[in-house]
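# Summary of the model geometry
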Amino acid sequence: MLVVCGLPARVLLPDVDLWQEITGLLGLIGGVQAVVLVAATAGVILGAVLWSMGHTTGLGGVAKAGKLAVAGSLLVPVVAMALPGWIGWIIGTLSGG
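What counts, and where the lines are drawn
- Residues numbered from 1 in each chain as written.
- Predicted model: local features only at pLDDT ≥ 70, side-chain atom pairs only at ≥ 80, totals over all residues.
- Heavy atoms only, no water.
- Helix = DSSP H or I, 4+ residues; strand = E, 2+ residues; numbered from the N terminus.
- Buried < 20%, exposed > 50% of the residue type's maximum accessible area, 1.4 Å probe, protein only.
- Contact = heavy atoms within 4.5 Å.
- pLDDT = per-residue confidence, 0-100.
- Patch = residues over 30% accessible without salt bridge, like charges linked within 9 Å, V, L, I, M, F, W, Y side chains within 5 Å.
- Areas by Shrake-Rupley, 256 points an atom, 1.4 Å probe, with all protein chains shown as cover.
- Salt bridge = Lys/Arg side-chain N within 4 Å of Asp/Glu carboxyl O.

Another aspect to go through is the environment of A80. In this fold, A80 is placed in helix α2 (residues 60-94). Under the relative-accessibility criterion, A80 is labelled buried at 10%. For A80 and V36, which are 44 residues apart along the polypeptide, the C-alpha to C-alpha distance reads 7.2 Å. Leaving out residues up to four positions away in the same chain, A80 has contacts with Q33 and V36.

Below, the discussion takes up the confidence of the model for the chain. Counting all residues, the mean pLDDT for the chain is 83, and 81% of those residues have values of 70 or more. Of all the helices and strands in the chain, strand β1 (residues 2-4) carries the lowest mean pLDDT, 54, while α2 carries the highest, 88.

To continue, consider a nonpolar patch on the surface. Residues L75, V78, V79, L83, W86, W89, I90 and L94 make up a contiguous nonpolar surface patch of roughly 870 Å² in combined accessible area. Looking at where L94 falls in the secondary structure, it is placed in helix α2. For L94, a relative accessible area of 72% translates into the label exposed.

Okay, here's the thing in structure tokens:
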């Protein structure tokens, strides 16, 4: 035990196991990104089909839903690609670095 000024002191050591878990988490996110890109592509296709069917048949609600599906499916990959950077930023901010 380390004694400083007559009082016992704790020695803090970094937890290196945490960084291995974080590395595994980032690897998992890479796999999730691939699935998200495939799902976003399917969403764009499905949204385009709904949009065209709604426009052709005169059903404004279906056309609007298709437009929203296309817009949302184009926004999802942008967020998915930024996710590893955000996680790194959060870890750096919380660890004081």
